[in-house]
Amino acid sequence: MRNTLLLSLTSLIFLVFYSCKTEYSTTELNTNFTAEQISDLTEIREFFINQVCESDFKSCYKETNHDSLQALGIGLWNKINFGEQKTLYDRIAKSTFKEIWIICKSVNHKTDEEKKSICANAIGKYQKYLSDIGKQNPMIAKYAERINAYGDFPSLEFQPYNILNNPKNFNLDDPNIQLILAIHYLSLNDQDKRNENWVAE
């Protein structure tokens, strides 16, 4: 009788433990964005993952030889086709784009050549979303502070070593983390590959 009860209890605990599905917060997205913008953000996240991975994102990110890429002076974003990325920009609503990015001017101080560059919109909804995620995640909080201070996408917190060795703050299965990494890497890819002259309006 005692063995049967113990076996039943063990089976119940096993069942409860393995049937619990991890749920990720959607509060921050729903608080900061419209339904159309959330749909656009999902498309951005999926586009990024499809561009850089052939398997699930977590496995892909872990299996990527980031040291090798950095030795070549490139990153994971180098896999992203910039022509297709520009097509993505055209597919999403302008309002979504403007809540994340602005087109700014960069100047080559050796040649005085002025080029278009992509910068962070430090007062957009995306910045507020990052700050809200940062209330539970100190690494994202620091990242949001740096964007707010510099208007750019800082790479210090997002070094692959930090991401891979900090699963509590960088859960690669979490769609929020996937979205933040997607926007970060798409921004770096844009900054690296955009070659358009600045035209004053």
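Residues numbered from 1 in each chain as written. Predicted model: local features only at pLDDT ≥ 70, side-chain atom pairs only at ≥ 80, totals over all residues. Heavy atoms only, no water.

## What to know about the state of the cysteines
Then, number 1: Under the defined criterion, the tally for this structure stands at 2 disulfides.
Then, number 2: There is a disulfide in this structure between Cys53 and Cys60, and the S-S distance comes to 2.2 Å. Measuring the twist about the S-S bond at about -80°, one finds the Cys53-Cys60 disulfide to be left-handed. Taken individually, Cys53 and Cys60 each receive the classification buried, so the pair is uniform in this respect. (Disulfide = S-S within 2.5 Å. Buried < 20%, exposed > 50% of the residue type's maximum accessible area, 1.4 Å probe, protein only.)

## Describing the packing of aromatic side chains
Then, number 1: All told, the structure shown has 11 aromatic pairs when counted by the stated rule.
Then, number 2: Consider the rings of Trp77 and Tyr185, whose centres lie 6.3 Å apart with planes at 25°: the pair is stacked. Residue Trp77 is found in the loop between α5 (66-71) and α6 (82-91), and its partner Tyr185 is found in helix α11 (residues 175-193); the two are separated by 108 residues along the sequence.
Then, number 3: Clustering of aromatic rings is evident, with ring pairs tying together Phe48, Phe57, Tyr61, Trp77 and Tyr185. (Phe/Tyr/Trp six-rings, centres within 6.5 Å; stacked < 30°, edge-to-face > 60°. Helix = DSSP H or I, 4+ residues; strand = E, 2+ residues; numbered from the N terminus.)

## Some points on the nonpolar core
Then, number 1: Ile44, Phe48, Phe57, Trp101, Ile180, Ile183 and Tyr185 are the most contacted members of the largest nonpolar core, which has 47 residues in total.
Then, number 2: Among the secondary structure elements, those contributing two or more residues to this core are α3 (35-52), α4 (57-63), α6, α7 (94-100), β2 (113-120), α8 (125-134), α9 (138-150) and α11.
Then, number 3: Sorting elements by how many residues they give to this core places α11 first, with 9 residues.
Then, number 4: Sequence-distant contacts of Tyr185, that is, excluding residues within four places in its chain, are made with Phe48, Tyr61, Leu76, Trp77, Ile80, Phe158 and Ile163. (Core = buried A, V, L, I, M, F, W, Y, C linked by side-chain atoms within 4.5 Å. Contact = heavy atoms within 4.5 Å.)

## What about unusual backbone geometry?
Then, number 1: For Asp112, which is not a glycine, the phi torsion comes out positive at approximately 60°.
Then, number 2: Structurally, Asp112 is set in the loop between β1 (101-108) and β2.
Then, number 3: For Asp112, a relative accessible area of 57% translates into the label exposed.

## Let's talk about the layout of surface pockets
Then, number 1: Looking at the largest pocket, its volume works out to about 330 Å³.
Then, number 2: Every residue lining the largest pocket is listed: Lys86, Tyr89, Asp90, Lys94, Phe97, Lys98, Ile103, Lys116, Arg194 and Glu196.
Then, number 3: For the lining of the largest pocket, the residue count by class is 3 nonpolar, no polar and 7 charged.
Then, number 4: Of the volumes computed, that of the second largest pocket is approximately 220 Å³. (1 Å grid on protein atoms, 1.4 Å probe; cavity = no way out; pocket = protein on both sides within 12 Å on 5 of 7 lines; lining within 4 Å. Points joined across faces, edges and corners; volume = space filled by probe spheres on them. Nonpolar A, V, L, I, M, F, W, Y, C, P; charged D, E, K, R; others polar.)

## Thoughts on the pairing of β2
Then, number 1: Bridge analysis of β1 against β2 gives 8 bridges, and the strand direction is antiparallel. Opposite Ile103, over in β2, you have Ile118 as the bridge partner. (Pairing = 2+ DSSP bridges.)

## Concerning the packing of α6 against α11
Then, number 1: Packing of α6 against α11 brings their axes to within 11 Å, and their N-to-C directions diverge by 120°. By the criterion of interaxial angle, the relationship of α6 to α11 is oblique. Read as a crossing pair, α6 and α11 show a hand that is left-handed. Residues Phe82, Gln85, Leu88 and Tyr89 of α6 form the contact with α11, whose participating residues are Leu186, Asn189, Asp190 and Lys193. (Axes fitted to C-alpha atoms, helices over the stretch in contact; angles between N-to-C directions. Parallel < 35°, antiparallel > 145°, perpendicular 65-115°, else oblique. Left-handed = near helix turned anticlockwise from the far one by under 90°.)

## Some words on the side chain of Lys115
Then, number 1: With respect to the secondary-structure elements, Lys115 resides in strand β2.
Then, number 2: Separated by 2.7 Å, the side chains of Lys115 and Asn195 make a polar contact.
Then, number 3: Look past the residues within four positions of Lys115 in its chain and what remains in contact with it is Cys104, Lys105, Ser106, Asn195, Glu196, Asn197 and Trp198. (Polar contact = N/O pair within 3.5 Å; in protein donor to acceptor, adjacent residues only side chain to side chain.)

## Quick word on α3
Then, number 1: Between its first and last C-alpha atoms α3 spans 26 Å; for 18 residues at 1.5 Å apiece the expected length is 26 Å, and the two agree.
Then, number 2: For α3, every residue scored as buried is listed here: Gln37, Ile38, Asp40, Leu41, Ile44, Arg45, Phe47, Phe48, Ile49, Gln51 and Val52. (Expected span 1.5 Å × (residues − 1).)

## Concerning the pattern of salt bridges
Then, number 1: Summed over the entire model, instances satisfying the criterion amount to 10 salt bridges.
Then, number 2: When the shortest N-O distance is used, the salt bridge between Glu113 and Lys115 registers 3.7 Å.
Then, number 3: In this structure, Lys135 engages Asp132 in a salt bridge whose closest nitrogen and oxygen atoms are separated by 3.3 Å.
Then, number 4: Judged by its relative accessible area of 10%, Asp132 falls in the buried class.
Then, number 5: Each of Lys86, Lys116, Asp190, Arg194 and Glu196 takes part in a single network of salt bridges with overlapping partners. (Salt bridge = Lys/Arg side-chain N within 4 Å of Asp/Glu carboxyl O.)

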